[in-house]
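Structural features, examined
In case you want the letters, here they are:
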Amino acid sequence: MKEYNIKEIEKKIKNFWEQEKIYKFDAGSKKPIYSIDTPPPTLSGEMHIGHACSYSQQDFIVRYKRMKGYNIFYPFGTDDNGLPTERLVEKRKGVKSKEMPRTEFIKLCLEFLKQERPKFAQDWKNIGISCDWDLIYSTIDAHSRKISQWSFLDLYKKGRIYRKDAPAMFCPECRTGVAQVEVKDKEINSTFVDIIFKIDNKNIIISTTRPELLPACVAVFYHPKDKRYNFKGKKAIVPLFNFEVPILEDKRVDMKKGTGIVMCCTFGDQTDMEWQKAYNLPIKIAIDEKGQMTEIAGKYKGLSIKKAREEIIKDLKKKKLLLKEKPIKHFVNVHERCETEIEFIKSKQWFVKYLDLKKELLKWGGELNWFPKYIRHRYDNWVKGLQWDWLISNQRHFGVPFPVWYCKNCNEVILAKEEQLPVDPLKNKPPISQCPKCGSKDFIPEKDVLNTWFTSSMTPQIAVQLANEEIQKKLFPMSLRPQAHDIISFWLFNTLLKSRLHFKKNPWKDVIISGFVKLEGEKMSKSKGNIIRPQEVIEEYGADALRYWAASSKLGEDFNYQEKDVITGKKFITKIINAAKFIFINIKDPEYKIKLYETDRLFLNQLNNLIKEATKNFDSYNYWRAKSEVDNFFWNIFCDNYLELVKARVYNGNDEEKKSAYYTLYNSFLAILKLLAPFTPFITEYIYQNYYKKNEKIKSIHLTKWPKTFKIKEKKDDKKTFDLLIGIISKVRKEKSLAKKSMKSKIILTLEKKDFEKLKDFLPDLRAVANAVDIKEGNFNVKFIS
């Protein structure tokens, strides 16, 4: 075997896998199917280190299942529709979608995706993800648009989708409505101001962080048990704007916050919305969809929210209506895409109704097999904390269109027919020529697009329907959903919800959840300058070394990127190559009708234990335990001890001794390669192709069977005997090190009588590895021969 050049060999192996279709799903196979709802990564330019880790982890499982005899259905998709793609294109191309004609911007997005998608997918190929690369999809392609629009029609017909003109969360930066799942908390610097309202010519202090909402004030509230106030039925005058608003009592007022009396504006937060609805208060819109002040703000019209806040505070000070300013830090809702503060704006939006299903959602989540089990609490907490139905409409250009038109005369909703899908109402005509309600022939197309998660929540169907109809029933529900913990509320929850609403069944059996990759305990970000690019890691150390590091992390837990573990991975590659060279330089093709030497039998029984443990751990998705155990066995048992024990017989043994050594080396090393193949697929494939394929006759190591235990005699004390043997070897090495002697130094070894008796069948190999000219009974001693 030639020297191992990482880049050259990994490229060669990738090409081999692709050309030979090693990972192709076999629709005609009778093997049991194992199907994966592969996470379609958001097309964001390139793979990041979190992707590299989490996709490697799922691939460990997939490769194991393939070797266990499953017919693997493992597609690959990219999530490239909607707001994430829009913002990426805007950034890369230096444009704003809202400032371009819709058709031109969509064209720009599609051209960008056509260029970027192959480069993006190549990163996944480079880390050895064993997908069937003929089973690919994009969440904006016609196939996905059709399924997404079918989902909308089906849920609409089932009474689960509605359109409402009501206050909803809105992002002024992205200029679109956002769902609860797209909002996160962020701590910001702000100012708590004490403002003077007038009640019966008396000054009443109200504290707020949102003085720019004064023109939208519709009421003042205090707690009915607050003895400081008795203003029921009275009115307050709003400062600067000088209009009156009613003063009302409500138990939701926090008496300990500020002065205990608050203004209700439409809309500052959810409590404002609840009060407006409960007391039938008017709706006054002070902020528009661009994040600018409206006409009711008077002279502040057209100002940004931040600028209006500054100007209003200035004017309050001038008129001596502001008593105090206090700098504070507090948490606010921001859009997770751009981190802009969320506003509540009244607009027409589409929603999926699900708040009435909390009990059922908890039950459905409990029917999944969660790995790790404790991670389920994140799902449960999300369900219990739901406050809004799911907003699914975005006021953007690029995305899956709603299959909807409206009657221009009476606003009747006109749905597309299933056979029309996918449709674009801006290009296609409705399926009817006149409104069934009023007879009008004029229609208005829906311009909004479906939220990207509405489509992504259909990935089981998008993936399964890539296969022929005959096989689809065997693929769904799918076997596995692998994903990161940060999108449990986004992707897992919504996929489960829609599967139950559409098909009355869970979409998968098992769920494995990965954690974040951090650097020295901190989340990586470009602003902190602590980004680790997997492309650079692969360039320097190779994909196997990166995967070796990824296999050290547990499911569900955040963990640090450790370069030392990647370096250890590279050293492992060198070690396993050297082991292969030693074995195959020195052995002949093994014979199978042999008398097994006792040391070899004892070693193979330890390997049997490893195979059992690795199999058990893989079956429970504890790949990191399997990797740790196999890695330890390879380094410490196989390389450091067994190879040393067997060398003398390989070089100088009689015919019978050599045959036993050849058999054991050939078959044990093949078993170890197979155990390591899910973690380091390139080097194990390379060694297999060079040394094993000619005898084993199977095209790839990844198509071979997972190792079974060797059918050999097992004795009760085998484990204790093996540990004793390894322990004696370690003690001899330690004595030589302490004496600053070479490991090849000749010695006379004295063993305790009980140890001598236990090891009598192994003394020839022990003598050879210890370089002992004699082994005696007595007190343990290592005597050096000068």
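Conventions adopted
Residues numbered from 1 in each chain as written. Predicted model: local features only at pLDDT ≥ 70, side-chain atom pairs only at ≥ 80, totals over all residues. Heavy atoms only, no water. Helix = DSSP H or I, 4+ residues; strand = E, 2+ residues; numbered from the N terminus. Buried < 20%, exposed > 50% of the residue type's maximum accessible area, 1.4 Å probe, protein only. Areas by Shrake-Rupley, 256 points an atom, 1.4 Å probe, with all protein chains shown as cover. Lys, Arg positive; Asp, Glu negative; His and termini not counted. Charge placed at Lys NZ, Arg CZ, Asp CG, Glu CD. Contact = heavy atoms within 4.5 Å. Pairing = 2+ DSSP bridges. Axes fitted to C-alpha atoms, helices over the stretch in contact; angles between N-to-C directions. Right-handed = clockwise from strand over helix to strand, strands pointing away. Core = buried A, V, L, I, M, F, W, Y, C linked by side-chain atoms within 4.5 Å. Expected span 1.5 Å × (residues − 1). Patch = residues over 30% accessible without salt bridge, like charges linked within 9 Å, V, L, I, M, F, W, Y side chains within 5 Å. Salt bridge = Lys/Arg side-chain N within 4 Å of Asp/Glu carboxyl O. Polar contact = N/O pair within 3.5 Å; in protein donor to acceptor, adjacent residues only side chain to side chain.

1. Here we look at the overall build of the protein
For the protein, the count of helices and strands is 24 helices and 30 strands. With the C-alpha coordinates aligned to their principal axes, the bounding extent of the protein is approximately 110 × 65 × 45 Å. Burial status across the protein gives 56% buried among its 786 residues. Carbon and sulfur atoms form 48% of the exposed surface of the protein, whose accessible area is close to 36,100 Å². Treating the 143 positive side-chain charges of the protein as one cloud and the 102 negative ones as another, the clouds have centres 1 Å apart.

2. With respect to the environment of cysteine 174
With respect to the element layout, cysteine 174 can be found in the loop between β5 (161–171) and β6 (176–177). Residues cysteine 174 and aspartate 269, 95 residues apart in the sequence, show an inter-C-alpha distance of 19 Å. In this structure, cysteine 174 is in contact with Leu83, Arg87, Lys98, His335, Cys338 and Arg396, ignoring residues within four places of it in sequence.

3. Topic: the sheet that holds strand β28 (residues 747–751)
Strand order in the open sheet formed by three strands is β29-β28-β30, and the pairing between neighbours is mixed. Unpaired on one side and paired on the other, β29 (772–777) and β30 (781–784) mark the two borders of the sheet. Pairs of neighbouring strands in the sheet enclose a mean axial angle of 15°, with direction left out of account. In this sheet, β30 lies alongside β28 in antiparallel orientation, the contact comprising four bridges. Bridging across to β30, threonine 750 finds its partner in asparagine 781.

4. Quick word on the pairing of strand β24 (residues 508–514)
By the criterion of burial, β24 is predominantly enclosed, with six of the seven residues buried. The pairing of strand β15 (residues 369–371) with β24 spans three bridges and is parallel. Along β24, the bridge assignment pairs tryptophan 370 with valine 511. Pairing analysis gives six bridges linking strand β23 (residues 478–484) to β24, with the strands arranged parallel. Its bridge partner lying in β24, leucine 480 is registered against aspartate 510. For the segment spanning β23, helix α13 (residues 488–503) and β24, crossover handedness is right-handed.

5. Focus on the pairing of strand β19 (residues 404–407)
A two-sided burial pattern is seen for β19, the buried positions comprising Val404 and Tyr406 on one face and Trp405 and Cys407 on the other. With antiparallel pairing between neighbouring strands as the criterion, β19 and strand β20 (residues 413–415) make up a hairpin whose turn holds five residues, including asparagine 411 at a positive phi of roughly 70°. As defined by bridge partners, β19 adjoins strand β21 (residues 443–445) across three bridges and the pair is classed as antiparallel. Along β21, the bridge assignment pairs cysteine 407 with phenylalanine 443.

6. Overview of the nonpolar core
Formed by 201 residues in total, the largest nonpolar core has its most connected members in Phe152, Phe638, Phe669 and Leu766. Beyond its immediate chain neighbours, meaning those up to four positions away, leucine 766 contacts Leu645, Leu725, Ile728, Ile729, Leu749, Leu751, Leu759 and Ile775. Core analysis: the next-biggest nonpolar cluster, separate from the first, contains 36 residues, Ile199, Cys217, Phe241 and Met263 among them.

7. Some words on helix α5 (residues 142–157)
Here α5 spans 22 Å end to end across 16 residues, near enough to the 22 Å set by a 1.5 Å rise per residue. Every buried residue belonging to α5 is among Ser144, Ile147, Ser148, Gln149, Ser151, Phe152, Leu153, Asp154 and Leu155, and all of these are buried. Note on α5: the residue one or two positions beyond its end, glycine 159, has a positive phi of about 75°.

8. Things to note about a positive patch on the surface
Judged by side-chain charge, Lys31, Lys68, Lys705, Lys708 and Lys711 come together as a positively charged surface patch. Along the chain, the position of lysine 31 falls in the loop between α1 (6–19) and β1 (33–35).

9. A few points about unusual backbone geometry
Note that the residue after phenylalanine 371, namely proline 372, is joined by a cis bond; omega there is 0°. Its place among the elements puts proline 372 in the loop between β15 and α9 (376–384). Omega for the bond connecting phenylalanine 476 with proline 477 falls within 30 degrees of zero, at 0°, which places this linkage in the cis form. In this fold, proline 477 is placed in the loop between α12 (469–475) and β23. One non-glycine residue, aspartate 200, lies in the positive phi region at around 55°.

10. With respect to the side chain of aspartate 154
You can see aspartate 154 is positioned in helix α5. Among the residues examined, aspartate 154 registers a relative accessible area of 16% and is labelled buried. A distance of 2.9 Å separates the side chain of aspartate 154 from the side chain of lysine 158, its partner in a polar contact.

11. Section: the sheet that holds strand β22 (residues 449–450)
Within the open sheet, the three strands sit side by side as β17-β22-β18. Their pairing is antiparallel. Of all the strands in the sheet, the pair left with one neighbour each is β17 (393–394) and β18 (400–401). Where β18 and β22 come together, two bridges link them in antiparallel fashion. Its bridge partner being in β22, valine 400 is matched across the sheet by leucine 450.

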